[in-house]
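If you want the building blocks of each chain, they are given just below.
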Amino acid sequence: MAIALSVNLNKVALLRNSRGHDNPSPLVAARACLDAGAHGITLHWRADNRHTRKDDVIALRALCAERGVEFNLEGDARAELIDLADELRVDQFTLVPVSPGEITSDHGWDLPRDQGLIAPIITRLRGRGIRTAIFMDAVPGAMANVPATGVDRVELYTEPYAAAFGGPDEDRAFDQLAASCAVLAQQGIGVNAGHDLDLRNLPRMATQISNIKEVSIGHALIADALYLGLAETIRRYLRALAGERVQAPTTR
């Protein structure tokens, strides 16, 4: 079964916010992505509202419910975000650590150190019928600490693999990712993946790791859409997730 594609629309919201009006619209972009075959939509709502805002979360959750597709809400452990996930009964909530001043997510949770913060949130949201995931670095040894959180899935941080792709360290980074997936499979925990995944590095992951259920892709996909158009970009990402080598835009 091909890996599901959840499109992160934060970059569309960021572009909208830079102009101060309502164009481009994350809601319109979400409809275009779903019309082209995307399996779901992801938003990461940060406290500074730099891109996604609360009203975006509400609107896109409603759209996904209407379309019968998954809505994945990402973010940190702040109360207003957890309360909103609970109120909207999102399909999946991905708990992501956030550091002050970071440009984008750049590390996973530290277990067992963060266990006391994570576990009550997971218990609350799972009790509401929400699938839960936590963002983790692809370190095989760290996966042994995951089951104690009670989480349904782990989203593995794939930036090290993406950064190494095509270079001398690619195999080492890929092996770390694959080994982490294998440990999670043994524990009966589902695997998602995300960060800097693109048309070039997806096929290897899709063909050589069997238990990744879903990827969340935003920056690279929206960047490719500037050259290819949104619908064509979604179609190419779906083909890449099925293991096909797909031509990527020339960006340099």
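Residues numbered from 1 in each chain as written. Predicted model: local features only at pLDDT ≥ 70, side-chain atom pairs only at ≥ 80, totals over all residues. Heavy atoms only, no water.

Draft legend 1. Layout of the overall build of the protein. A count of helices and strands for the protein gives ten helices and eight strands. Expected size for 252 residues packed as a compact globule is a radius of gyration near 18 Å; at 17 Å, the protein falls within 12% of this value. Across the 252 residues of the protein, 51% fall into the buried class. Within the protein, residue pairs in contact and separated by at least 24 positions form 65% of the contacts whose partners lie at least 6 positions apart. Entry remark: accessible area of the protein is about 11,200 Å², with carbon and sulfur atoms responsible for 50%. (Helix = DSSP H or I, 4+ residues; strand = E, 2+ residues; numbered from the N terminus. Rg over C-alpha atoms; globule rule 2.2 N^0.38 Å. Buried < 20%, exposed > 50% of the residue type's maximum accessible area, 1.4 Å probe, protein only. Contact = heavy atoms within 4.5 Å. Areas by Shrake-Rupley, 256 points an atom, 1.4 Å probe, with all protein chains shown as cover.)

Draft legend 2. Focus on the pairing of strand β1 (residues 4–8). Among the five residues of β1, four are classified as buried, and the element is accordingly described as predominantly covered. In this sheet, strand β8 (residues 212–217) lies alongside β1 in parallel orientation, the contact comprising four bridges. Along β8, the bridge assignment pairs L5 with V215. Where β1 and strand β2 (residues 40–44) come together, three bridges link them in parallel fashion. Bridge assignment links N8 to a residue of β2, and that residue is T42. (Pairing = 2+ DSSP bridges.)

Draft legend 3. Up close: the nonpolar core. L9, I41, F93, I134, M205 and V215 are the most contacted members of the largest nonpolar core, which totals 70 residues. With residues up to four places along the chain from it excluded, the contact list for M205 reads Y161, F174, L177, A193, L197, I212 and V215. (Core = buried A, V, L, I, M, F, W, Y, C linked by side-chain atoms within 4.5 Å.)

Draft legend 4. Structural view of the packing of aromatic side chains. Counting across every chain of the model gives three aromatic pairs. Between Y161 and F165 the ring centres are 5.9 Å apart and the planes differ by 80 degrees, which places this aromatic pair in the edge-to-face class. Judged by relative accessible area, which is 2%, Y161 ranks as buried. Residue class for F165 comes out partly exposed when judged on its relative accessible area of 28%. An aromatic cluster is built from Y161, F165 and F174, whose rings are joined through pairwise contacts. (Phe/Tyr/Trp six-rings, centres within 6.5 Å; stacked < 30°, edge-to-face > 60°.)

Draft legend 5. Molecular detail of helix α2 (residues 26–35). Among all positions in α2, only P26, A29, A30, C33 and L34 are buried. Looking straight down α2, one finds its buried side chains confined to an arc of 135 degrees; they lie on one side. In this fold, the buried residues of α2 make contact with β1, α1 (10–19), β2, α3 (54–67) and α10 (230–241). Its side-chain oxygen 3.2 Å from the backbone nitrogen of L27, S25 forms the N-cap of α2. (Arc of directions from axis to C-beta. Polar contact = N/O pair within 3.5 Å; in protein donor to acceptor, adjacent residues only side chain to side chain.)

Draft legend 6. Spotlight on unusual backbone geometry. Cis geometry is adopted by the peptide bond preceding P24, which originates at N23 and carries an omega value of 5 degrees. Relative to the helices and strands, P24 is located in the loop between α1 and α2. Cis geometry is found at the peptide bond from L111 to P112, where omega equals 10 degrees. Position of P112 relative to the elements: it lies in the loop between β4 (92–95) and α5 (115–127). Of note, R89 is a non-glycine position whose phi angle comes to about 50 degrees, a positive value. You can see R89 is positioned in the loop between α4 (79–88) and β4. Non-glycine residue H195 carries a positive phi angle of around 120 degrees. Note that H195 resides in the loop between β7 (190–194) and α8 (202–208). For H195, a relative accessible area of 16% puts it in the buried group.

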